[in-house]
Amino acid sequence: MKRYVNKTVLVTGSSQGIGAACALRMASEGAKVILNGRKLDERGEALIRAITEMGSKAEFITADISITAEAVRLVNEATGVFGALDILVNNAGVEKKHDFWDVTEEEYDLVMDTNLKGVFFGIQAFVKYCMAGKKPGVIVNMSSVHEEIIFPHFAAYCASKGGLKMLTRNLATELAPYQIRINNVAPGAISTPINKSLLENKELLNSVLENIPMKRLGKPEDVAAIVAFLASDEAAYVTGSTYFVDGGLTWHYEEQ
Ligand code: NAD
């Protein structure tokens, strides 16, 4: 399948984990890729090499998307790199574990500014660009099962992903007349560096697996496959939805 020939995609937070898998998956289908992170290091350089070896093109733009001006600059710069920007994948995200009563304003701001505010204004910059050029656009947001289900001790994270759920629902209607589609992907427990402490704690990992009907963690590639579908023309009639990639976690039910 080569669904992205002559398409350019920007994937935020793509040095590792799910973002890197999305970049590789879409590049393997012909996309030119703009990678992003707060700094370019050996992981970003390795990705650029891997994408170039696939016969596609990649550039890395450093930007901290938790700062609104940076999120906007990232999108605006990305539109110029390969001559157009067709797809925006808002993947960068952070989580902070704390009892609700111990959450500091600093932590709250970091989570909300990265997972919601930066996404909001990055989308706004992309929409303005599409509207100015009268071109269609596709947005895929990396939400979480926690746009739907609770995650005690991660209140700010849940608030940010819950906000992302309604942002997508709202924008689907507002942007449809401009041929701009927007959807969320909601991963369950995926094996990436964000889950380092879970992966290193066998007891905790086993209790998490008990709640997953498919009895395994997801792989970044499982998520990338759905992102690649939603961003493609195969999903031309899909907007305002959330696709769960969670091995059944969200709606699981223990039979007695
Ligand atoms: P990760 O920590 O492995 O990767 C996130 C990437 O985003 C990192 O490269 C990080 O440097 C980058 N990033 C963070 N803040 C940034 C900022 N301000 N500006 C630019 N880049 C920034 O995490 P992951 O597991 O790959 O998660 C990716 C997305 O998927 C996140 O939005 C996360 O909330 C979501 N998600 C992950 C899981 C999971 O189990 N791994 C589950 C549900 C949702």
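Note that the coordinates shown come from a computational prediction; the quantities given were computed from them, not determined experimentally.

Rules used in this analysis
Residues numbered from 1 in each chain as written. Predicted model: local features only at pLDDT ≥ 70, side-chain atom pairs only at ≥ 80, totals over all residues. Heavy atoms only, no water. Helix = DSSP H or I, 4+ residues; strand = E, 2+ residues; numbered from the N terminus. Expected span 1.5 Å × (residues − 1). Buried < 20%, exposed > 50% of the residue type's maximum accessible area, 1.4 Å probe, protein only. Arc of directions from axis to C-beta. Polar contact = N/O pair within 3.5 Å; in protein donor to acceptor, adjacent residues only side chain to side chain. Contact = heavy atoms within 4.5 Å. Core = buried A, V, L, I, M, F, W, Y, C linked by side-chain atoms within 4.5 Å. Near = heavy atom within 4 Å. Areas by Shrake-Rupley, 256 points an atom, 1.4 Å probe, with all protein chains shown as cover. Pairing = 2+ DSSP bridges. Axes fitted to C-alpha atoms, helices over the stretch in contact; angles between N-to-C directions. Phe/Tyr/Trp six-rings, centres within 6.5 Å; stacked < 30°, edge-to-face > 60°.

Colleague: What is the right way to look at helix 2 (residues 42-53) in this model?
Modeller: Since one α-helical turn is 3.6 residues long, residues separated by three or four positions face the same way. The terminal C-alpha atoms of helix 2, which comprises twelve residues, lie 16 Å apart, in line with the 16 Å expected from a rise of 1.5 Å per residue. Along helix 2, the positions that sit buried rather than exposed are Gly-44, Leu-47 and Ile-51. Down the axis, helix 2 shows its buried residues gathered within 60° of arc, on one side only. Opposite the buried face of helix 2, at more than 90 degrees from it, the exposed residues are Glu-42 and Glu-53. Immediately downstream of helix 2, the backbone of Gly-55 shows phi near 95°, a positive value.

Colleague: What exactly am I supposed to notice about the side chain of Asn-184 here?
Modeller: Here Asn-184 lies in strand 6 (residues 180-187). In this structure the side chain of Asn-184 is engaged in a polar contact, spanning 3.4 Å, whose partner is the backbone oxygen of Leu-164. With sequence-adjacent residues up to four places away left out, Asn-184 is seen in contact with Asn-141, Ser-143, Glu-147, Leu-164, Lys-165, Thr-168, Leu-230, Ser-241, Thr-242 and Tyr-243.

Colleague: I keep staring at the nonpolar core and nothing clicks. Help me out?
Modeller: Nonpolar side chains in soluble globular proteins tend to end up buried together. Core analysis: the biggest nonpolar cluster contains 33 residues, and Met-26 and Val-227 have the highest contact counts within it. Elements with a minimum of two residues in this core: strand 1 (8-11), helix 1 (17-28), strand 2 (32-37), helix 2, strand 3 (58-62), strand 4 (87-90), strand 5 (137-142) and helix 8 (220-230). Ranked by residues supplied to this core, first place goes to helix 1 with seven residues. In contact with Met-26, other than residues within four places in its own chain, are Tyr-4, Val-9, Ala-31, Ile-87, Val-227, Ala-228 and Ala-231.

Colleague: Sorry, what's going on with the site of the ligand here?
Modeller: The ligand sits among 28 residues. The nearest are Asp-64, Asn-91, Tyr-157, Thr-192 and Asn-195. A distance of 2.8 Å separates an oxygen atom of the ligand from a polar backbone atom of Asn-91. Thr-192 is positioned with one of its side-chain polar atoms (N or O) 2.5 Å from an oxygen atom of the ligand. For the ligand, the accessible surface in isolation is 820 Å², of which the surrounding protein chains cover 93%. Elements that contribute at least two residues to the shell around the ligand include exactly helix 1 and helix 5 (155-175).

Colleague: What's the story with the sheet that holds strand 6 in this structure? I'm lost.
Modeller: Whether parallel or antiparallel, the strands of a sheet pair through hydrogen bonds between backbone atoms. Within the open sheet, the seven strands sit side by side as 3-2-1-4-5-6-7. Their pairing is parallel. Each edge of the sheet is formed by a strand with only one pairing partner; in this case those strands are strand 3 and strand 7 (242-245). Here the average twist between neighbouring strands, direction ignored, is 20°. Summarising the sheet, strand 5 and strand 6 pair through six bridges and their orientation is parallel. Directly across from Met-142, in strand 6, lies its bridge partner Val-185. Here helix 2 sits on the sheet and contacts strand 2 and strand 3; the angle it forms with strand 2, its principal contact strand, is near 175°. Across the face of the sheet, helix 8 comes into contact with strand 4, strand 5, strand 6 and strand 7 while running at roughly 165° to strand 6.

Colleague: Help me understand the environment of Glu-234, please; the structure alone is not making it clear to me.
Modeller: Here Glu-234 lies in the loop between helix 8 and strand 7. Separated by 222 residues in the primary sequence, Glu-234 and Thr-12 have C-alpha atoms spaced 23 Å apart. Ignoring sequence-local partners within four residues, the contact set of Glu-234 consists of Met-1, Arg-3 and Phe-229. Within polar-contact distance, the side chain of Glu-234 engages the side chain of Arg-3 at 2.6 Å.

Colleague: So what exactly am I meant to see when it comes to the packing of aromatic side chains here?
Modeller: Geometry of an aromatic ring pair is reported as the spacing of the ring centres plus the angle between the planes. All told, the structure shown has five aromatic pairs when counted by the stated rule. The interplanar angle of 55° and the centroid separation of 4.9 Å between the aromatic rings of Phe-120 and Phe-121 together place this pair among those described as tilted. For Phe-120, a relative accessible area of 38% corresponds to the partly exposed category. Between Phe-229 and Tyr-243 the ring centres are 6.2 Å apart and the planes differ by 50°, which places this aromatic pair in the tilted class. Of this pair, Phe-229 sits in helix 8 while Tyr-243 is found in strand 7, placing the two residues 14 residues apart along the sequence.

Colleague: So what exactly am I meant to see when it comes to the side chain of Asn-183 here?
Modeller: By the element assignment, Asn-183 lies in strand 6. Residue class for Asn-183 comes out buried when judged on its relative accessible area of 1%. Of note is the side chain of Asn-183, whose polar atom sits 2.9 Å from the backbone oxygen of Val-238. Setting aside chain neighbours within four positions, we find Asn-183 in contact with Ile-139, Val-140, Asn-141, Thr-168, Leu-230, Val-238, Thr-239, Gly-240 and Ser-241.

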